[in-house]
Amino acid sequence: MNTATKPEAIKDASMLKQKEMIARNYDALTGAPESGKKIVSTFVPGNLNELINSFGLLNNLPEINAINNGMRKQSGAMIMDAERSGHSEDVCTYVKADIGMMSKGNIAPNGKVMPPPNLLLLSYTGCFTFMKWFELLRKEYNCDTVMLQVPYTGDGVITDNMRNFVVKQLKEEVIPALEKTSGVKFDIDRLRENMARSAKAEDDLVWVLESAKNVRSPIDAYFGGVYYIGPIFTAFRGTQDAIEYYQLLRGEIEKRMQDGLGPVTPEGDMGEEKYRLVVEGPPNWTSFREFWKMFYDEGAVVVASTYTKVGGVYDEGFRHDPTNPLESLADYCLGCYTNRNMPSRVDLIEKYMNEYQADGLLINSIKSCNSFSAGQLMMMNEIEKRTGKPGAFIETDLVDPRYFSAANVKNRLESYFQMVDQKRRSTRTA
Amino acid sequence: MKCYIGIDLGSTTTKAVVMDEFGEVLGRGITNSRSNYDTASRVAKLEAFISTRLTLFHRALEGLSGLEGEKIDRLLLNLERHFRLELFLEQLEDLHQTCAGNAGDLRYPGQKAKICAVLDVAFARLREKLQGLFAPGVVRKSDFFRDLAGSEYMNIAEQTAKEMGMNFDTLINIYDKSIIEVENRPPNDDMEGKFLRALTNVLAEETDLSVSSDDVMKAIKSVLDMDLEETYVVGTGYGRVRLPFPKEHIRSEILCHGLGAHLMYPKTRTVLDIGGQDTKGIQIDGKGIVVNFQMNDRCAAGCGRYLGYIADEMNLGLHELGPMAMKATKTVRINSTCTVFAGAELRDRLALGEKREDIMAGLHRAIILRAMSIISRSGGITDEFTFTGGVAKNEAAVKQLRELVQENYGDVQININPDSIYTGALGGAEFARRAVEEA
């Protein structure tokens, strides 16, 4: 075992701000019994944070808890606990980490007990497992549940019927459920204010993500990107905090561009940019830094990723629209990356490959996520065909440390980088 | 003389190839990886340089008029045999001395003298018995010292222990500790001395050389005097990061296998490599450049080690599995190629009354089925198709592969080189050569 001390990660002001925001939110959640605030549990893709906040409710995201536990090396034991209680090896490891967290006293990352939710709000945007997960939670907590059925965009388009169907449910089911839980009457103006704040933060987020179009990208849009999407994908969309965070972040990235710097890594500024990649699929969380290091050590920068779109696709023009709040929430849910069909996913990746001048596509396929991983190899082949750029396929997991084989992943990545290099050289000399 | 070296540090074996500046292969060397890549790469390289000297001897002897073809081959075969014997006896002596040293272990208080006396007798017998392994025409089961010395030591030590009133387990424990030390110690560097002693013995045996012994000695010495410069070394394989040279000297084995297969068969477009813990499907273009690849994930199911476990379970040598499977009259269906469950799978089929040969055929088919799945994920098979890695030496695996390729892809030229195990090292050597010659 390597006992060498890990270097202390270098943190920018925006990172410190986000850390403080997350800590504050966990304190608010765990302090709910004392403050009398009510908690809504929901998932990242298709989350209705502006709406939840407009009722003064707190937002708890179980998969974010699982990610937190994964990054803090806690998830392995939690998953084993869940398996002991009857969940098989093939079950989504976010689910098992959450179930295991409950069996260990439901301790939040701040070390305090996470109180039970008052409402389970399932915004169903393409992940069937989320539905089953909430069934388990409903049995556990015996609390109110409301489900927003977002139609899958199987034909790649959002129709009026789809939008109307979602709006109707918001009006007739979701809003009444939130009113009941909070004891607060729905106030559309509060929702509008929240959505206006969302749009402001979204503008800056898009600017940050698109800064990677620069050759010598100032950001890593995957490993850095997962931090950048943190506030907007979680409990902070629609808050002043999120606006401030993205202003701060944008300022930092602008400075990096002026100074001609590449992405910031846990070990400081990244060296030469040798490979520009588009990545499909979530990162591995349990060995996040080790995984990232395999990229920056080789000079590989991720210039665009689809994972940073699972909580909302903003770089195609969508913004939360305060003038049509419910319709806009519907469009947001319908347009989430997880709710898109395969041809749309391929089109988006192809666009990224071209617009971000990528050298290749890397797919990190998640072993315990059948719905999202299905078809990824075909997607890769299609991108190779359309762009002529090489693809590569690696397999890890979300938060189960047993599914991360460092030697195997490193071997594939190094092979891939060298393959890209070799191909580039041969094109140059041809 | 400029030499370019590729070293492939695999999970089971480590291979080295030495190439000249024109891309011609001069020598190949292989050793077991023994969880010590530093030693393994040193030994493999040393073996490749021994093989290089033999190639150069051949060239030098070709220059002697009157000494041709068959005679040169015979002379060099005998020279290598004697040289290997020298090397083997040197290692056996090292093992003897190491065992004697370990006899002083605290676990055997006051017994050292007695243990050493038993070891002296046992090693004298071992030496006499094992010399026969290097007699003309004898085919050795393995080229690795551990395999050759190990099984015979067990037999002789047991018998000697019984005769001399010594606990056999003590001799086993001492051996187990000592063989690791000996294995991890490369042979001493005096290759020249060993070759000359070997040559003296060969010349003493030879009666029909048609050239003078002095001329032969002179030709061999001229080669031994040549400086074989390690101009550039490229490492590949799982242990590559252990190699003591900079990053630019390290290449992925996928690229090395692709290039190696291209050098062996320039029309290759698809490569299958089944190694100890990896199965790789690689697609290459007309220049040997990798355009796509797939490999097994963290599970080594269906790789070379699977056959290793099966061999252990059946108390057979790895090389005996293929021939056994070839005697099958039917192919038993095996669903799991999980290495961990290999033993259970095997015993289950035996318990059901299936014949060992038929089960073996099923196991080989299962491995190749898994490989076919990996190939298809990498883009399928395009003519020509080259099969590499240790498993390519297994005739039953090759038979199953031919059948499945025919079924799925029709008529495809399948290339299997007798030296396919060196494909990665060959690609590495060519990368090394290009780094200097085409810089």
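**Q** Would you explain the sheet that holds strand E1 (residues 39-41) of chain A in this entry?
**A** Consider a sheet: its strands pair through backbone hydrogen bonds, and that pairing is either parallel or antiparallel. Residues and elements named next belong to chain A. The strand order E2-E1-E3-E4 describes an open sheet built from four strands, whose pairing is parallel. Either end of the sheet is taken by a strand with one partner, and the two such strands are strand E2 (58-60) and strand E4 (144-149). Neighbour-to-neighbour, the strand axes of this sheet turn through a mean angle of 25°, independent of strand direction.

**Q** Before we go on, may I ask you to explain the environment of Ile30(B) in this structure?
**A** All names here are of chain B. Mapped onto the fold, Ile30 is located in strand E3 (residues 25-32). Sequence-wise, Ile30 and Thr13 are 17 residues apart; in three dimensions their C-alpha atoms are separated by 6.8 Å. If we ignore the near neighbours within four places in the chain, the residues touching Ile30 are Thr13, Lys15, Ala44, Glu47 and Ile421.

**Q** Any chance you could explain the domain arrangement of chain B here in plain terms?
**A** Quite often, the size of an interface is put as the accessible area lost when its parts meet. When its domains are assigned, chain B resolves into domain 1 (1-67 + 210-265 + 420-439), domain 2 (82-183) and domain 3 (267-416). When each unit is reduced to the centre of its C-alpha atoms, the spacing between domain 2 of chain B and domain 3 of chain B is 36 Å.

**Q** How should the nonpolar core be read in this particular structure?
**A** What tends to happen in soluble globular proteins is that the nonpolar side chains get buried as a cluster. Judged by nonpolar contacts, the single largest core of 200 residues is most densely connected at Val278(A), Val303(A), Ile5(B), Val17(B), Val18(B) and Ala429(B). Inspection of this core shows a minimum of three residues originating in each of domain 1 (1-67 + 210-265 + 420-439) and domain 3 (267-416) of chain B. Residues within four places of Val18(B) in sequence aside, it is in contact with Cys3(B), Ile5(B), Leu26(B), Gly27(B), Ala48(B), Phe49(B), Thr52(B) and Ala429(B). Of all hydrophobic cores here, the second largest spans 38 residues; its members include Leu56(B), Leu92(B), Leu119(B) and Ala219(B).

**Q** It is not clear to me how the confidence of the model for chain B should be interpreted in this structure. Could you clarify?
**A** Detailed reading of the predicted coordinates is not advisable wherever pLDDT is low. Residue and element names in this part refer to chain B. Across chain B, the average pLDDT comes to 88, with 97% of residues at 70 or higher. Mean pLDDT values for the elements of chain B range from 81 in helix H9 (residues 304-313) up to 97 in strand E9 (residues 414-415). Interface confidence for the predicted complex, expressed as ipTM, amounts to 0.72; the pTM equals 0.82.

**Q** I would appreciate a short explanation of the interface of chain A and chain B in the present structure.
**A** If you look at the interface, chain A gives 16 residues, while chain B gives 16 residues. Residue assignment for the side of chain A that touches chain B shows that the elements contributing at least two residues are strand E10 (391-396) and helix H18 (406-429) of chain A. Tallying contributions element by element places H18(A) first for the side of chain A that touches chain B, with eleven residues. Taken together, the residues of the side of chain A that touches chain B sort by class into five nonpolar, seven polar and four charged.

**Q** Would you take a moment to explain unusual backbone geometry for this structure?
**A** Negative phi values dominate among residues other than glycine, just as trans dominates among peptide bonds. Looking along the chain, the bond that leaves Asp383(B) and enters Glu384(B) is cis, with omega of -5°. Counting through the fold element by element, Glu384(B) comes out in the loop between helix H12 (356-378) and strand E8 (385-388). Positive phi, close to 60°, is recorded for Lys73(A), a residue that is not glycine. Tracing the sequence through the fold places Lys73(A) in the loop between helix H4 (62-71) and helix H5 (75-84). For Asn106(A), which is not glycine, the phi dihedral falls at a positive 55°.

Definitions and cut-offs
- Residues numbered from 1 in each chain as written.
- Chains lettered and ligands numbered in written order.
- Predicted model: local features only at pLDDT ≥ 70, side-chain atom pairs only at ≥ 80, totals over all residues.
- Pairing = 2+ DSSP bridges.
- Helix = DSSP H or I, 4+ residues; strand = E, 2+ residues; numbered from the N terminus.
- Axes fitted to C-alpha atoms, helices over the stretch in contact; angles between N-to-C directions.
- Contact = placed C-beta atoms within 7 Å.
- Domains from an automatic or database assignment.
- Core = buried A, V, L, I, M, F, W, Y, C linked by C-beta atoms within 7 Å.
- Buried ≥ 20, exposed ≤ 12 C-beta atoms within 10 Å, placed from the backbone.
- pLDDT = per-residue confidence, 0-100.
- Nonpolar A, V, L, I, M, F, W, Y, C, P; charged D, E, K, R; others polar.

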